[in-house]
Amino acid sequence: MDTSTVNSGEQVDRQSRILEAALGLLSRHGISGVNMRAVAREAGVALGLVNYYYEDKSSLIRAALHRIDEHDLMLVAPDPALSPDEQLRKALRRVAGPEFLTTQYLSLRLHLWALAQADEGFALINAAAFERYLDGLATLIGNARPGLSRDECRERAADIVVVQNGMWLTALLGVDKASIQRSIARTEEIAFAA
């Protein structure tokens, strides 16, 4: 057995558990609830291991923000097995998946937005992540509607994000569950408009 592969896998798993623990604490308690000791306890690892991977709380939060960025990019990742129209519809519906419409996830989003307002470094990470998501969504729109210019695709993508964010806030408030379906339909109208 190749122990370097096993050790590498264990390392990735521990690091992933640490990041998930940080995100969980952030969603429940905000930035004040995230400290190295609490993250270690939540992840079920030694404090020294958290300190090994992350220099300080700030570097841990940056890594957590990058993890959310990776998840967001998967929302707009193309699926070559589908037609361009189906890829776009699938991406527009993904954001309303049950894993995103939970109080814990939506609370995390609110805390991340607040962090971006409070810290310039976090704001830069958030802005870059937003641009990547917007570009991914605009690319899907352009593939489904090749007659649109890149600027038109980005404008539609930005309008869709506004609806998606409103949908998330509505889900958090628990108001009119049918509004989620209307929001998805509205994003499709924006994306596919002639």
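Above this note sits the structure.
For the structure given in this document, a descriptive report is provided here.

Parameters and conventions
- Residues numbered from 1 in each chain as written.
- Predicted model: local features only at pLDDT ≥ 70, side-chain atom pairs only at ≥ 80, totals over all residues.
- Heavy atoms only, no water.
- Helix = DSSP H or I, 4+ residues; strand = E, 2+ residues; numbered from the N terminus.
- Expected span 1.5 Å × (residues − 1).
- Buried < 20%, exposed > 50% of the residue type's maximum accessible area, 1.4 Å probe, protein only.
- Contact = heavy atoms within 4.5 Å.
- 1 Å grid on protein atoms, 1.4 Å probe; cavity = no way out; pocket = protein on both sides within 12 Å on 5 of 7 lines; lining within 4 Å.
- Points joined across faces, edges and corners; volume = space filled by probe spheres on them.
- Nonpolar A, V, L, I, M, F, W, Y, C, P; charged D, E, K, R; others polar.
- Phe/Tyr/Trp six-rings, centres within 6.5 Å; stacked < 30°, edge-to-face > 60°.

1. Description of helix H8 (residues 150–173)
Consideration 1: The terminal C-alpha atoms of H8, which comprises 24 residues, lie 35 Å apart, in line with the 34 Å expected from a rise of 1.5 Å per residue.
Consideration 2: For H8, the complete set of buried residues consists of Cys153, Arg156, Ala157, Ile160, Val161, Gln164, Met167 and Trp168.
Consideration 3: In this structure, the buried side of H8 is in contact with helix H5 (84–94), helix H6 (103–118), helix H7 (120–144) and helix H9 (178–192).
Consideration 4: Taken from the residues just after H8, Gly174 is the one with a positive phi, measuring 75°.

2. Describing the layout of surface pockets
In this approach a probe as big as a water molecule rolls over the atoms, and the regions it shows empty are the leftover space.
Consideration 1: Counted as a void, the largest pocket has a volume near 320 Å³.
Consideration 2: If you go around the largest pocket, you meet 18 residues; those closest to its centre are Asp72, Arg109, Trp113, Asn126 and Phe130.
Consideration 3: Split by residue class, the lining of the largest pocket holds twelve nonpolar, three polar and three charged.
Consideration 4: Considered as a void within the structure, the second largest pocket measures approximately 230 Å³ in volume.
Consideration 5: Taken together, the elements giving at least two residues each to the lining of the second largest pocket come down to helix H1 (3–29), helix H4 (57–75) and H6.
Consideration 6: Within the lining of the second largest pocket, the residues separate by chemical class into seven nonpolar, five polar and two charged.

3. Considerations on the packing of aromatic side chains
Consideration 1: Applying the stated criterion across every chain, the model contains four aromatic pairs.
Consideration 2: Taking the centre distance of 5.1 Å and the plane angle of 70° together, the rings of Tyr52 and Tyr53 count as edge-to-face.
Consideration 3: The exposed category is assigned to Tyr52, whose relative accessible area is 62%.
Consideration 4: Overall, the relative accessible area of 15% leaves Tyr53 in the buried class.

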